[in-house]
Number of protein chains: 2
Amino acid sequence: MKRIAIQGEIGSFHDIAAHQYFEGEQLQLICCNTFEQVYESMRQDPTVIGMAAIENTIAGSLLHNYELLRDSGTTVVGEHKLHITHCICCLPEDDWDTISEVHSHPVALMQTRHYLEHHPNLRIVEGDDTAGSAKMIAEGHHKGWAAICHAEAAKLYGLKVLENGIEDNKHNYTRFLVCSAPQKADMLRPLVESNKASIVFSLPHEEGSLSAVLAILSFYKINLTKIQSLPIIGKEWEYLFYVDVTYNDLTRYRQAVDAIIPLTRDLKILGEYRAI
Amino acid sequence: MKRIAIQGEIGSFHDIAAHQYFEGEQLQLICCNTFEQVYESMRQDPTVIGMAAIENTIAGSLLHNYELLRDSGTTVVGEHKLHITHCICCLPEDDWDTISEVHSHPVALMQTRHYLEHHPNLRIVEGDDTAGSAKMIAEGHHKGWAAICHAEAAKLYGLKVLENGIEDNKHNYTRFLVCSAPQKADMLRPLVESNKASIVFSLPHEEGSLSAVLAILSFYKINLTKIQSLPIIGKEWEYLFYVDVTYNDLTRYRQAVDAIIPLTRDLKILGEYRAI
């Protein structure tokens, strides 16, 4: 039995993603209100595995989760991509003419922005979670409130789906990272089978410093699949770089990392895992 | 008299930024609810200048504004950096023991996240704007509601400041871009005085494709100050690159852009302007 810490309730996208990633395995979910609590659960019990969204094709990267991951001391052991669909739902006795506000996670609200613009009378209220908003409405029996969540969560909590598939863009995918304590990582993914790594480093603001790093990765035939510069908190307009790379040869990849270390500051390997 | 379209009310951060950028000039503000409306105002009247936040040291890039800028056909003619501070405020007769919810722009809510965690009983409600939330509470006389905004806005709307300087991180700066119709750009900034450009392009997913582009920029002594990869909507896991570069020699910079065009797809210069 694996114990998985997720952000969100039963029925949340993290729940769905965890069950897809660990298909066929018995899971015990630790449902957390915040991503901070996901990493806190792992700190308190190193046998707990964490699963956290890291980017979405519409909303972009979840910057705060990058920061939590970097500070957590955990290692990325896998990734999962999930197709995201949203519905709007309410108590069975409510309907379009009786609802006055809509609750959901900020990212879900952003992903249904155009849809919600057609319903300007609905007050938009941020919640911790998509499925949690559905649960809160069902359990608190909040008349006049709607939630935005996956249709599975609406069903689970006995809510009426007013409309399904309300996401603005149908090409809506979220990428999740699976993390564990470093000493547990090799049990979860044999390192020799890894072909992708997530790395973070900072660079001095000198002409061509990023170019040199990427040139070396290219010389070693390491493929870059993502780059994200982030402001360093407390140092305005200096940037951290979050980079994802893929490789066929683990040794060659390790040599490439060794080769860029002298040109970077504070390089940290967030994890090596199997690309999907 | 310059006419400036901003997102937000009088007293908003955009208002403060506009008056700092165009210091000493007479301005007529066009206050818009959304960034879409800012660009719509410019489309309807090409003499209107737009000002829009593009990144923040805490929240990162405003991805949606990058998209709007790219699609708008307007040109960036300048940038401005503003130090952001927040207060929490309410009606004069309210106090900590009588407020039950807090309204503000999602970015302001994110920037005061740790502060708000110490007030878990406050319901967090998204609004269009920081100063707009203050205005709404003052004009609607909403008892029990608080707003998060700049202390100037609280004062402007006659609200009581419960606490000032509540932003989690004191190094909180927002960068704004000033945009205009291309035919008006040279009146607003002589091109020959420009030393910074914002560029967007996409790249095929081939090993070393970004490395080649950055190497060329480096060979031409063009300095990279920011890079941001964004998922292309509708093409999962392919990325657009938003890049800021600085240069001392306009001709050399133009030659560098010519040199990278054949290696990129859909390259577009968003604007050339004076770095601050």
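Definitions and cut-offs
Residues numbered from 1 in each chain as written. Chains lettered and ligands numbered in written order. Predicted model: local features only at pLDDT ≥ 70, side-chain atom pairs only at ≥ 80, totals over all residues. Heavy atoms only, no water. Helix = DSSP H or I, 4+ residues; strand = E, 2+ residues; numbered from the N terminus. Contact = heavy atoms within 4.5 Å. Areas by Shrake-Rupley, 256 points an atom, 1.4 Å probe, with all protein chains shown as cover. Lys, Arg positive; Asp, Glu negative; His and termini not counted. Charge placed at Lys NZ, Arg CZ, Asp CG, Glu CD. Axes fitted to C-alpha atoms, helices over the stretch in contact; angles between N-to-C directions. Parallel < 35°, antiparallel > 145°, perpendicular 65-115°, else oblique. Left-handed = near helix turned anticlockwise from the far one by under 90°. Nonpolar A, V, L, I, M, F, W, Y, C, P; charged D, E, K, R; others polar. Phe/Tyr/Trp six-rings, centres within 6.5 Å; stacked < 30°, edge-to-face > 60°. Buried < 20%, exposed > 50% of the residue type's maximum accessible area, 1.4 Å probe, protein only. Least-squares fit on C-alpha atoms with pLDDT ≥ 70 in both. Buried area = accessible area lost by both parts, 1.4 Å probe. Salt bridge = Lys/Arg side-chain N within 4 Å of Asp/Glu carboxyl O. Domains from an automatic or database assignment. Polar contact = N/O pair within 3.5 Å; in protein donor to acceptor, adjacent residues only side chain to side chain.

Caption draft 1: Structural view of the overall build of chain A. For chain A, the count of helices and strands is ten helices and 15 strands. Structurally, chain A occupies a C-alpha span of about 65 × 45 × 30 Å along its principal axes. Relative to all contacts within chain A whose residues are 6 or more apart in sequence, the contacts with residues 24 or more apart total 75%. By element, 50% of the accessible surface of chain A is carried by carbon and sulfur atoms, the whole surface being about 11500 Å². Counting 24 positive and 36 negative side-chain charges, chain A places the averaged centre of each group 5 Å from the other.

Caption draft 2: Quick look at the packing of helix α9 (residues 209-219) of chain B against helix α10 (residues 250-260) of chain B. Residue and element names in this part refer to chain B. Packing of α9 against α10 leaves a shortest axis separation of 9 Å and a crossing angle of 155°. It follows from the interaxial angle that α9 and α10 lie roughly antiparallel. When you trace α9 past α10, the crossing you get is right-handed. Of the residues in α10, those in contact with V213, I216 and L217 of α9 are A256, A259 and I260. Among the residues forming the contact of α9 with α10, the class breakdown is six nonpolar, no polar and no charged.

Caption draft 3: Region of the structure containing the packing of aromatic side chains. Residues and elements named next belong to chain B. Per the stated rule, a full pass over the model turns up eight aromatic pairs over all chains. Taking 4.8 Å as the distance between ring centres and 85° as the angle between the ring planes, the aromatic pair formed by Y21 and F22 counts as edge-to-face. For Y21, a relative accessible area of 28% gives the class partly exposed. Residue class for F22 comes out buried when judged on its relative accessible area of 6%.

Caption draft 4: Quick look at helix α3 (residues 63-72) of chain A. Residues L63, N65, Y66, L68, L69 and S72 of chain A constitute the buried set of α3 of chain A. Backbone geometry just downstream of α3 of chain A places G73 of chain A in the positive-phi region, at approximately 75°.

Caption draft 5: Summary view of the relation of the copies chain B and chain A. Each copy of the sequence occupies a distinct position, and chain B is placed on chain A by a rotation of 180° and an axial shift of 0.0 Å, giving an RMSD of 0.0 Å. Here the two chains are linked by the operation of a two-fold rotation axis. Interface overlap between copies is the fraction of interface residues in one copy that are interface residues in the other; for chain B against chain A it reaches 98%, indicating a shared surface.

Caption draft 6: Spatial organisation of the environment of K184 of chain B. All names here are of chain B. When you line up the elements, K184 lands in the loop between β11 (173-180) and α8 (185-188). Judged by its relative accessible area of 17%, K184 falls in the buried class. Remark: the alpha-carbon pair of K184 and T74, spanning 110 residues in sequence, is separated by 9.8 Å. Discounting chain neighbours no more than four positions away, the residues touching K184 are P46, T47 and I49.

Caption draft 7: The arrangement of the environment of H142 of chain A in detail. All names here are of chain A. Locating H142 in the fold gives a position in the loop between α6 (130-140) and β9 (145-149). Residues H142 and D94 lie 48 residues apart in sequence; the distance between their C-alpha atoms is 9.7 Å. Filtering out sequence-adjacent residues up to four positions away, H142 remains in contact with L91, D94, M136 and I137.

Caption draft 8: Representation of the interface of chain B and chain A in the model. With 51 residues of chain B at the contact, the number on the chain A side is 50 residues. Summed over both partners, the interface of chain B with chain A buries about 4100 Å², with 56% contributed by carbon and sulfur atoms. Taking the shortest distance from any N to any O, the salt bridge between R123 of chain A and E101 of chain B comes out at 3.1 Å. If one sorts the elements of the side of chain B that touches chain A by residue count, strand β13 (residues 223-232) of chain B sits on top with eight residues. For the side of chain B that touches chain A, a count of residues per class yields 20 nonpolar, 17 polar and 14 charged.

Caption draft 9: Region of the structure containing the pattern of salt bridges. Taken as a whole, this structure holds 30 salt bridges over all chains when the rule is applied. A salt bridge links E272 of chain A to R254 of chain A, with the shortest nitrogen-to-oxygen separation between them at 2.9 Å. Of the two residues, E272 of chain A sits in strand β15 (residues 265-273) while R254 of chain A sits in helix α10 (residues 250-260), which places them 18 residues apart along the sequence. Residue R254 of chain A is classed as partly exposed on the basis of its relative accessible area of 34%. Across the pair R189 of chain B and D186 of chain B runs a salt bridge, and its minimum N-O distance is 3.3 Å. Looking at R189 of chain B, the relative accessible area reads 9%, which means it is buried.

Caption draft 10: Examining the domain arrangement of chain A more closely. Residue and element names in this part refer to chain A. Partitioning chain A into domains gives domain 1 (2-83 + 172-182), domain 2 (87-164) and domain 3 (192-273). Counting residues at the interface gives 16 residues for domain 1 and 15 residues for domain 3. Overall, the association of domain 1 and domain 3 removes approximately 1200 Å² of surface from exposure, summing both partners, and the carbon and sulfur fraction of that is 56%. For domain 1, the biggest contributors to the area lost against domain 3 are Y66, R70 and V76; these three give 47% of the whole. For the pair domain 1 and domain 3, the number of links is three salt bridges. In this structure, the salt-bridge partner of R175 is D244, at a minimum N-O distance of 3.0 Å. For the pair domain 1 and domain 3, the interface holds eight residue pairs in polar contact (both at pLDDT 80 or more).

Caption draft 11: Region of the structure containing the side chain of T174 of chain A. Looking at the secondary structure, you find T174 of chain A in strand β11 (residues 173-180). Apart from residues no more than four positions distant in its own chain, T174 of chain A is found in contact with A53, E55, N56, H80, K81, L82 and I84 of chain A.

Caption draft 12: Highlighting the side chain of H105 of chain B. Residues and elements named next belong to chain B. Tracing the sequence through the fold places H105 in the loop between β7 (101-104) and α4 (106-111). Classification of H105 by relative accessible area gives buried; the value is 19%. Look past the residues within four positions of H105 in its chain and what remains in contact with it is Q7, G127, D128, D129 and T130.

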